[in-house]
Structures are given as C-alpha cells and as structure tokens.
Amino acid sequence: MAPVTNIRFIALVKLLQIPDTFYVDFKVIASGIGILLVVIYAAGSGIWVNNSPGWYSSINRPSWQPPDYVFGIIWPYNFVVIALCAIHIANHQSKSTTLVWLSIFGLSVITALNWAYQFYVPHNLNIASISLITAAILTMPLTFLIYKSSIKYGLLFSPYQIWVIVAAALSTSYAVKN
C-alpha cells in the first residue's frame, strides 16, 4: 500500500509543478512570525484589559489621561502598522537584522502583555509600570531599525513609539496615585 501512496504523492507534486527543492522562503516565515506576534499582542492584551472593568473605573487617574476614544483609535492603528513594519523588515533587511527586530519585538510583546496582566489581574501597579517602561525602552531600537530601513515606515511606526512612552508614563502615574 505504501508504494501506491508514494506514487500518488509524486504524481501530485509533478501535477502541481512543485519543485523538488520546495521550501518556504525566510522572508515569508519572518513575515508570518511578525504577524503572529501582533496577533498574540492584540489578543493577549484584550483578554486581560477586559478582565475587571469595574476596578479600572474606580482607580484614581491622572488629569492628563487621554479620553477613552483615543485608545480605540490608536491601538488598531498601532497593530496594523506594527504588522506592516514587520513585513517590511522581513522583506527589505538582512536575515540578521530581521531576526534582531523580531526578537526585540517579541520581548517587547512579552513585557507589554506582562503590563496588561499585572495591571488588570492582580493590580500590581508598580510591576506593571516597570513592565511598560521596559516595553517602551525595547521599542526604541525597533524604531531605529525601521527608520534605518525606510523613512516612510519609520514615520508610520513613530506613533506607536510615542504611545508606548505615554502609556508607560500613565502607568507610572496610576502607580503613584493609587
């Protein structure tokens, strides 16, 4: 039975004209990893942010906090732009630069998700602030590498860098006020 199955597989490969050395290109894999990290970032933060809305509305907020609708505008923009930048880096930079960008981005996602968890679940505001400050610092080399690759993509990415810094300052203000 195995030889017949093998013959069918070989016939299918020839019919579809798949080369014998079929492989997935590094750029495709790296782009996919970048998109996957964005999906994990969006989904993970969404899970914890919606964990305890009653608690969030009861804490003391800084007077300079942006209105709620700003969060609804900036986060979808940020997630789309980060994905586009990951794809751009994967397709226009060397493997080593791409791996560095994806690694730093992965670490920043971990720290940002740790912020969401620490802030919204056990309400550890000091640890949450440290996590978000770390994410803001990790975002700086990402911004540098994007600008180095493309001014256009750098400009698109800049609102994310600014937002993470503002969010870190907000988080620190929450820790001080509560």
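All values derive from a computational prediction rather than experimental measurement.

Here is what the cut-offs are and how they apply
Residues numbered from 1 in each chain as written. Predicted model: local features only at pLDDT ≥ 70, side-chain atom pairs only at ≥ 80, totals over all residues. Heavy atoms only, no water. pLDDT = per-residue confidence, 0-100. Helix = DSSP H or I, 4+ residues; strand = E, 2+ residues; numbered from the N terminus. 1 Å grid on protein atoms, 1.4 Å probe; cavity = no way out; pocket = protein on both sides within 12 Å on 5 of 7 lines; lining within 4 Å. Points joined across faces, edges and corners; volume = space filled by probe spheres on them. Nonpolar A, V, L, I, M, F, W, Y, C, P; charged D, E, K, R; others polar. Axes fitted to C-alpha atoms, helices over the stretch in contact; angles between N-to-C directions. Parallel < 35°, antiparallel > 145°, perpendicular 65-115°, else oblique. Left-handed = near helix turned anticlockwise from the far one by under 90°.

S.K.: Explain the confidence of the model for the protein chain to me, and be specific about the residues and the numbers.
M.R.: Per-residue confidence for the protein chain averages 89 on the pLDDT scale, and 85% of its residues sit at or above 70. The secondary-structure element of the protein chain with the lowest mean pLDDT is helix α1 (residues 2-15), recorded at 56, while helix α6 (residues 125-149) shows the highest, at 98.

S.K.: Can you lay out the layout of surface pockets for me, pointing to particular residues and giving the numbers?
M.R.: The computed volume of the largest pocket comes to approximately 650 Å³. Lining the largest pocket are 23 residues, and of these V49, F71, W75, W115 and Y120 lie nearest its centre. Where the lining of the largest pocket is concerned, the elements lending two or more residues are α2 (26-49), α3 (53-58), α4 (68-92), α5 (95-120) and α7 (151-177). Looking at the lining of the largest pocket, the element that brings in the most residues is α4, giving 6 residues. Here the lining of the largest pocket is composed, by residue class, of 18 nonpolar, 4 polar and 1 charged.

S.K.: Tell me about the packing of α5 against α6, and please be specific about residues and values.
M.R.: α6 packs onto α5 with a crossing angle of 160 degrees between their chain directions and a minimal axis gap of 8 Å. As the angle between them shows, α5 and α6 are arranged roughly antiparallel. As for how α5 packs across α6, the hand of that crossing is left-handed. A class-by-class count of the residues in the contact of α5 with α6 yields 18 nonpolar, 9 polar and no charged.

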